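# Coordinates in review
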Amino acid sequence: MSKPRKPKGRPISGWLILDKPVDFGSTEAVSKIKWLYKAEKAGHAGTLDPLASGMLPIALGDATKTVPYVMDGRKIYEFTVSWGEERATDDLEGEVTKSSDKRPSEQQIRDILPGYIGTISQVPPQFSAIKISGERAYDLAREGETVEIPSREVDIFRLTLLACPDADSAHFEVECGKGTYVRALARDFGRELGCYGHVSGLRRTFVAPFAEEAMVPLADLVALEAIEDMDERLAALDALLINTCEALSSLPHLVINDDQAHRLKMGNPILVRGRDAPVAESEAYATARGKLIAIGEIGQGEFRPKRVFA
């Protein structure tokens, strides 16, 4: 007779908006949070480099099903570019590949910024997660290979020069779309200015739809390990979670009753009625009693579930 399987973790669902410290990888952060929460599963919405700090949204349980909606959201970064050196990784980690004694003036920096706003063509860094012939570019780069990475279009909504603390560096803020590499911006700034450059400081302050105020420092979470009573500790941790449906705030929202929720959970469509009911939507979400029930599409007077939540 086989032994019953031990549960792999708590079936908890929600978002933790982690303020990731420097020198802590995104995968490492997810593992730590999953362990702290004793969660069944966990995942993050957008890698943050170990040398970067700031917002790393981590989904627990059923919230992992909503990760793609956060991945597609706008992001805001503050970053510092150090002039005079281009590096293999386009940040502090890599060896110097090019150098220059030239330094740009504040006005020269301001003059180039309009060319980086809008939909622009960008070549990702050699050390990036882009796949080349089935392999990650950073794996090939670590083996000493220089590969041709095709350019791609990215969206830059806002780019601001915040300060020039000295001749050797400049501090910026950028609001951008999915797939933008801040390290590539620094590299391209330096090349256009003829002085070379690399990112020497990077912090993500916003990942739509989560606000900066929602961030929880890792140190605050680790401090809760001092609570000896496990139930009390988990309750304190759970109080820091954001409702799963917050990740879907950009979609149309239906509030339904318990009978409709039951039908959706069985995979069946429900009728959408009322003067203000959406006529047709490729994606919408439904909640009952404040809890996410399903993501689906609306058409012909029905809400048809595509993804159901426990």
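Sequence positions are assigned chain by chain, starting from 1 and proceeding in written order. Only residues with pLDDT of at least 70 are given local features in this predicted model, and only at 80 or more are side-chain atom pairs given and counted; all residues enter the totals for whole chains, interfaces and linings. The side-chain figures draw on all heavy atoms in the structure; neither hydrogens nor water molecules are used.

As recorded in an unreviewed UniProt entry, the protein chain goes by tRNA pseudouridine synthase B and comes from Rhizobium indicum. UniProt positions are given in the numbering used here, feature names are shortened, and annotations may be inferred rather than shown by experiment. Quoted verbatim from the Catalytic activity (unreviewed entry) heading of the UniProt record, the comment on the protein chain is "uridine(55) in tRNA = pseudouridine(55) in tRNA". Per UniProt, the comment on the protein chain under Function (unreviewed entry) is "Responsible for synthesis of pseudouridine from uracil-55 in the psi GC loop of transfer RNAs."

Stacked, edge-to-face and tilted are the three classes for Phe, Tyr and Trp ring pairs, Trp counted by its six-membered ring, which pair at centre distances within 6.5 Å; planes under 30 degrees apart are stacked, over 60 edge-to-face, the rest tilted. In this structure the tally under the stated criterion is five aromatic pairs. Residues Phe79 and Phe172 carry aromatic rings whose centres are separated by 5.2 Å and whose planes lie at 20° to one another, so their mutual orientation is stacked. Separated by 93 residues along the polypeptide, Phe79 in strand E4 (residues 75-83) and Phe172 in strand E11 (residues 169-176) bring together distant segments of the chain. Grouping residues by exposure puts Phe79 and Phe172 together as buried. Between the aromatic rings of Tyr116 and Phe189, the centroid separation amounts to 4.8 Å while the plane-to-plane angle is 85°, which identifies the pairing as edge-to-face. A residue pair is termed long-range when its members are at least 10 positions apart, and Tyr116 in the loop between helix H3 (106-112) and strand E7 (118-122) and Phe189 in helix H5 (residues 182-193) qualify at 73 residues. Assigned by exposure class, Tyr116 and Phe189 land together as buried. In textbook terms, an aromatic cluster arises when at least three aromatic residues are bridged by ring pairs, as seen for Phe79, Tyr116, Phe172 and Phe189. Secondary structure counts use DSSP, requiring at least four H or I residues in a row for a helix and at least two E residues in a row for a strand, with both numbered from the N terminus. Under the scheme applied here, a residue whose accessible area is under 20% of the maximum for its type counts as buried, over 50% as exposed, and between as partly exposed, the area being computed with a 1.4 Å probe on protein chains only.

What follows covers the UniProt feature "active site" (unreviewed entry) in the protein chain. UniProt annotation of "active site" (unreviewed entry) refers to Asp49 when read in the numbering used here. The topology assignment puts Asp49 in the loop between strand E2 (42-44) and strand E3 (53-60). Assessed through its relative accessible area of 24%, Asp49 is described here as partly exposed. In contact with Asp49, other than residues within four places in its own chain, are Lys20 and Arg183. Should any heavy atoms of two residues lie within 4.5 Å, those residues are considered in contact.

The next thing to look at is the pattern of salt bridges. Salt bridge, as applied in this entry: a Lys or Arg side-chain nitrogen positioned within 4 Å of an Asp or Glu carboxyl oxygen. Here the structure, examined in full by the defined rule, presents 18 salt bridges. In this structure, Arg187 engages Asp188 in a salt bridge whose closest nitrogen and oxygen atoms are separated by 2.9 Å. Asp188 matches Arg187 in its accessibility class, with the two residues each being buried. The partner of Arg304 in a salt bridge is Glu302, and the shortest N-O contact between them spans 3.5 Å. Overall, Arg304 belongs to the partly exposed group, its relative accessible area being 25%.

In this section: the nonpolar core. Counting residues in hydrophobic clusters, the biggest one holds 47 residues, and the most contacted among them are Ile33, Tyr37, Phe79, Phe172 and Phe189. The residues touching Tyr37, leaving out its near neighbours within four places in the chain, are Arg10, Ile12, Leu16, Leu60, Leu221, Leu234, Leu237, Asp238, Leu240 and Leu241. In this description, a nonpolar core means a group of buried Ala, Val, Leu, Ile, Met, Phe, Trp, Tyr and Cys residues linked to one another through side-chain atoms lying within 4.5 Å. Counting residues in hydrophobic clusters, the runner-up holds 14 residues, among them Ala261, Ile270, Ala284 and Ala294.

Moving on: the environment of Val70. With respect to the element layout, Val70 can be found in helix H2 (residues 67-71). Look at Val70 and you get buried, because its relative accessible area is 0%. Ignoring anything within four residues of it in the chain, the contact list for Val70 reads Trp15, Ala45, Pro57, Lys75, Val207, Ala208, Pro209, Phe210 and Ala247.

On to the sheet that holds strand E14 (residues 253-255). Strand pairing in a sheet relies on backbone hydrogen bonds. The paired strands run either parallel or antiparallel. One open sheet accounts for five strands, arranged E14-E16-E17-E18-E15; its pairing is mixed. Two strands in the sheet have a free side with no partner beyond their single neighbour: E14 and strand E15 (270-271). Pairing between strands is defined by DSSP: at least two bridges between the two strands are required. The sheet contact formed by E14 and strand E16 (residues 281-288) spans three bridges and is parallel. Counted as the bridge partner of Leu254 is Ala286 from E16.

Here we take up a negative patch on the surface. Only residues whose relative accessible area exceeds 30% and that form no salt bridge enter a patch; like-charged residues are grouped when within 9 Å of one another, and nonpolar side chains (Val, Leu, Ile, Met, Phe, Trp, Tyr) when within 5 Å. To be clear on the numbers: accessible area is Shrake-Rupley with a 1.4 Å probe, and residue cover counts the displayed protein chains and nothing else. Charged residues are defined here as Lys and Arg on the positive side and Asp and Glu on the negative side; His and the ends of the chain fall outside this count. All charge positions are set by atom: Lys at NZ, Arg at CZ, Asp at CG, Glu at CD. Together, Glu228, Asp229, Asp231 and Glu232 make up a negatively charged patch on the protein surface. Relative to the assigned elements, Glu232 resides in helix H7 (residues 230-238).

Moving on: the environment of Ala235. Of note, Ala235 is situated in helix H7. Taking the C-alpha atoms as reference, Ala235 lies 9.6 Å from Tyr37; in sequence the two are 198 residues apart.

With that settled, consider the side chain of Ser26. Locating Ser26 in the fold gives a position in helix H1 (residues 26-37). Looking at Ser26, the relative accessible area reads 5%, which means it is buried. Not counting chain neighbours up to four residues away, the residues in contact with Ser26 comprise Lys20, His44, Thr47, Leu48 and Leu56.

Our focus in this paragraph is the pairing of E11. Here E11 lies mainly inside the structure; seven of its eight residues are buried. Across eight bridges, E4 lies against E11 in antiparallel orientation. Among the inter-strand pairings, Phe79 is bridged to a residue of E11, identified as Phe172. Pairing between strand E10 (residues 152-166) and E11: seven bridges, direction antiparallel. What sits directly across from Thr160, in E11, is Glu173. Linking E10 back to E11 in an antiparallel pair, the connection comprises two residues.

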